[in-house]
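Spelled out from the first residue to the last, the chains are:
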Amino acid sequence: MIIKKTIVVKNPFGLHLRSAAELINKLSGFKSEVVVRKGKESVNARSIIDLMTLEAGIGTRLEFIIEGIDADSAVDAIFSFFENDSKTEDPVYPETVFS
């Protein structure tokens, strides 16, 4: 089974390193192959380096192509991840002090 789903990145910080790592962690429980497409570029959704090359900022449209026996469950997890990721609070960065 192949499912295609387009998601719009709503997180004000885009698909940054921490959220990409969380997405990969969510996908680890599925056997389906997951590819992400931005424009003409397609990458492996289980690779943090590949996800970072997409430079997916807020408002970016990402097409997920999920193929495998648990594609239905995987697409639900991806959709849920992006809905919840947009509701996360701003990250807190420690103040940098130079002496």
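Given the structure is predicted, the values throughout are model-derived calculations rather than measurements. (Residues numbered from 1 in each chain as written. Predicted model: local features only at pLDDT ≥ 70, side-chain atom pairs only at ≥ 80, totals over all residues. Heavy atoms only, no water.)

Novice: Hey, could you run me through the overall build of the protein in this one?
Specialist: A count of helical and extended segments in the protein gives three helices and four strands. Ordered by position in the sequence, the α and β elements of the protein form the string β-α-β-β-α-β-α. The proportion of buried residues among the 99 residues of the protein is 39%. At a minimum sequence separation of 6, the contacts of the protein that also span at least 24 residues come to 72%. Carbon and sulfur atoms provide 53% of the accessible area of the protein, an area that totals close to 6300 Å². (Helix = DSSP H or I, 4+ residues; strand = E, 2+ residues; numbered from the N terminus. Buried < 20%, exposed > 50% of the residue type's maximum accessible area, 1.4 Å probe, protein only. Contact = heavy atoms within 4.5 Å. Areas by Shrake-Rupley, 256 points an atom, 1.4 Å probe, with all protein chains shown as cover.)

Novice: Even after reading the chapter, I still don't get the nonpolar core, so can you show me in this structure?
Specialist: Generally speaking, soluble globular proteins have nonpolar side chains that are buried together. Core analysis: the largest hydrophobic core is formed by 26 residues, its most contacted members being Leu51, Leu62, Phe64 and Phe82. Counting only elements with at least two residues in this core, the list comes to strand 1 (2-8), helix 1 (17-27), strand 2 (33-38), strand 4 (61-67) and helix 3 (71-85). If one sorts the elements of this core by residue count, helix 3 sits on top with seven residues. Other than its neighbours up to four places away in sequence, Phe64 contacts Ile3, Lys4, Lys5, Ile7, Leu23, Val34, Val35, Val36, Ile78 and Phe82. (Core = buried A, V, L, I, M, F, W, Y, C linked by side-chain atoms within 4.5 Å.)

Novice: Just checking my understanding: could you explain helix 3 for this structure?
Specialist: In a regular helix each residue adds 1.5 Å, so 15 residues correspond to 21 Å; helix 3 covers 21 Å between its end C-alpha atoms and thus fits that length. Along helix 3, the residues that are buried comprise Ala71, Ala74, Val75, Ala77, Ile78, Phe81, Phe82 and Asp85. Each buried residue of helix 3 sits inside an arc of 160° when the element is viewed along its axis, so together they form one side. Of the surrounding elements, those touching the buried residues of helix 3 are strand 1, helix 1, strand 2 and strand 4. (Expected span 1.5 Å × (residues − 1). Arc of directions from axis to C-beta.)

Novice: Explain the side chain of Thr60 here, please?
Specialist: Within the secondary structure, Thr60 sits in the loop between helix 2 (48-53) and strand 4. At 2.7 Å, the side chain of Thr60 forms a polar contact with the backbone oxygen of Gly57. If we ignore the near neighbours within four places in the chain, the residues touching Thr60 are Ile7, Val8, Val9, Lys38 and Glu55. (Polar contact = N/O pair within 3.5 Å; in protein donor to acceptor, adjacent residues only side chain to side chain.)

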